[in-house]
Amino acid sequence: MAENTQHILETKQLSRHYGGVIALNDVTMHVRPSEIFSLIGPNGAGKTTLFNCVTGLDKPTAGTVNFLGNQITGLRPDQVTERGIARTFQNIRLFSDLTVLDNVKIGRHPRTSSALIGSVLRTKKQRQEEADITERALETLAFVGLDDVVEQTAGNLSYGDQRRVEIARALATEPTLLLLDEPAAGMNPLETQELIELIYTIREQGIAVLLIEHDVKLVMQISDWVTVLDHGEKISDGKPADVQNDERVITAYLGTTDDA
């Protein structure tokens, strides 16, 4: 992990209420550069709500989100992506009828600059940009180990490979921070180990990873820092060993079989 302790992502007293339901309540946390930061807790703890508030899919009721020293609270998802935050979703959201390559090329959209007229007239600038998009998408697919399936239809891939395509599409936006929402869900042990290795490799590229994951063993293995939510509130945070031995965490989450 990088020695620089400056926070790249900071939520301050972040809250999200839906009528009388409190999904998040006064959550403050910090992610450092090149850190693997995991967010755990029982179902309904507020983890995905926090992701949605960070990435612009939802607006906080109170509190702020700061990224690289700038407040991004309430920005649209595309504006958040342009600033360097990318995410995947708990339920895979690929264009299943498109090729693997086309799915990842779509992820390059926030980094394109050609105007609509250039696309219509096929200007030299637009053609060059299209070639650059393809090249970058191919490089990203090679990075995640899928360079041999670029022309296959995404929906025909194994579940684990579809997860990798989704990660590749997120990486194609050139993020500083990558949010992964339960990336190991539905994976077999081999796919899970390959995922762990990929997350390490992503971190080695200088990209911080913010992870929601129910696989506690995976979390404790790879995380630099863990924050635990329960009923929308932060009940513990620290290094994996400290969190694992926290009685509040054992009671709320680790000690239950339903949510492990």
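Preceding block: the structure.
About the criteria used
- Residues numbered from 1 in each chain as written.
- Predicted model: local features only at pLDDT ≥ 70, side-chain atom pairs only at ≥ 80, totals over all residues.
- Heavy atoms only, no water.
- Helix = DSSP H or I, 4+ residues; strand = E, 2+ residues; numbered from the N terminus.
- Contact = heavy atoms within 4.5 Å.
- Polar contact = N/O pair within 3.5 Å; in protein donor to acceptor, adjacent residues only side chain to side chain.
- Pairing = 2+ DSSP bridges.
- Axes fitted to C-alpha atoms, helices over the stretch in contact; angles between N-to-C directions.
- Salt bridge = Lys/Arg side-chain N within 4 Å of Asp/Glu carboxyl O.
- Core = buried A, V, L, I, M, F, W, Y, C linked by side-chain atoms within 4.5 Å.
- Buried < 20%, exposed > 50% of the residue type's maximum accessible area, 1.4 Å probe, protein only.

Draft legend 1. Looking closely at the environment of H30. Turning to its location among the elements, H30 is positioned in strand 2 (residues 21-31). Note: C-alpha distance between H30 and L9 (21 residues apart in sequence) is 5.7 Å. Setting aside residues up to four positions removed in sequence, H30 forms contacts with H7, L9, E10, E35 and F37. Looking at H30, its side chain comes within polar contact range of the side chain of E10, at 3.1 Å.

Draft legend 2. A look at the sheet that holds strand 7 (residues 177-181). Taken together, six strands build an open sheet; the order of strands is 6-7-8-3-9-10 and the sheet is mixed. Sheet topology places strand 6 (85-87) and strand 10 (233-238) at the edges, where each strand pairs with a single neighbour. Between one strand and the next, the sheet's axes are offset by a mean angle of 20 degrees, whatever the strand orientation. As paired elements, strand 3 (residues 36-40) and strand 9 (residues 225-230) share four bridges and run parallel to each other. Bridging across to strand 9, L39 finds its partner in T227. Those strands touched by helix 6 (residues 159-171) are strand 6 and strand 7, and its axis lies near 155 degrees from that of strand 7.

Draft legend 3. Representation of the sheet that holds strand 4 (residues 62-67) within the structure. Strand order in the open sheet formed by four strands is 2-1-4-5, with antiparallel pairing between adjacent strands. Lying at the two open borders of the sheet, with one neighbouring strand each, are strand 2 and strand 5 (70-71). Across five bridges, strand 1 (residues 9-18) lies against strand 4 in antiparallel orientation. Across the sheet, S15 pairs through a bridge with A62, a residue of strand 4.

Draft legend 4. Molecular detail of the pattern of salt bridges. Tallied over the entire structure, the rule returns twelve salt bridges. Sharing partners across several salt bridges, the network here consists of R108, R136, E139 and E174.

Draft legend 5. Examining unusual backbone geometry more closely. Notably, Q13 is not glycine yet its phi reads approximately 50 degrees, a positive angle. Considering the arrangement of structural elements, one finds Q13 in strand 1. Despite not being glycine, H231 shows a phi value in the positive range, around 50 degrees.

Draft legend 6. Region of the structure containing the nonpolar core. By size, the foremost hydrophobic cluster in this structure holds 34 residues, and its most contacted members are L141, I167, L178, I199 and I202. Only helix 3 (100-106), helix 5 (124-143), helix 6, strand 7, helix 7 (189-204), strand 8 (208-212) and helix 8 (216-222) provide two or more residues apiece to this core. L24, F67, L75 and I85 belong to the second largest nonpolar core, which has 26 residues in total.

Draft legend 7. Looking closely at the pairing of strand 8. Counted residue by residue, strand 8 has five buried out of five residues, so it is predominantly covered. The alternating pattern of strand 8 places A208, L210 and I212 on one face and V209 and L211 on the opposite face, and all of these are buried. With four bridges connecting them, strand 3 and strand 8 associate as parallel partners. Each bridged residue has a counterpart across the sheet, and for I36 the counterpart in strand 8 is V209. Here five bridges tie strand 7 to strand 8, and the two strands are oriented parallel to one another. Residue L177 lies in a different strand from strand 8, and its bridge partner there is A208.

By themselves, these figures tell us nothing about what the structure is for.
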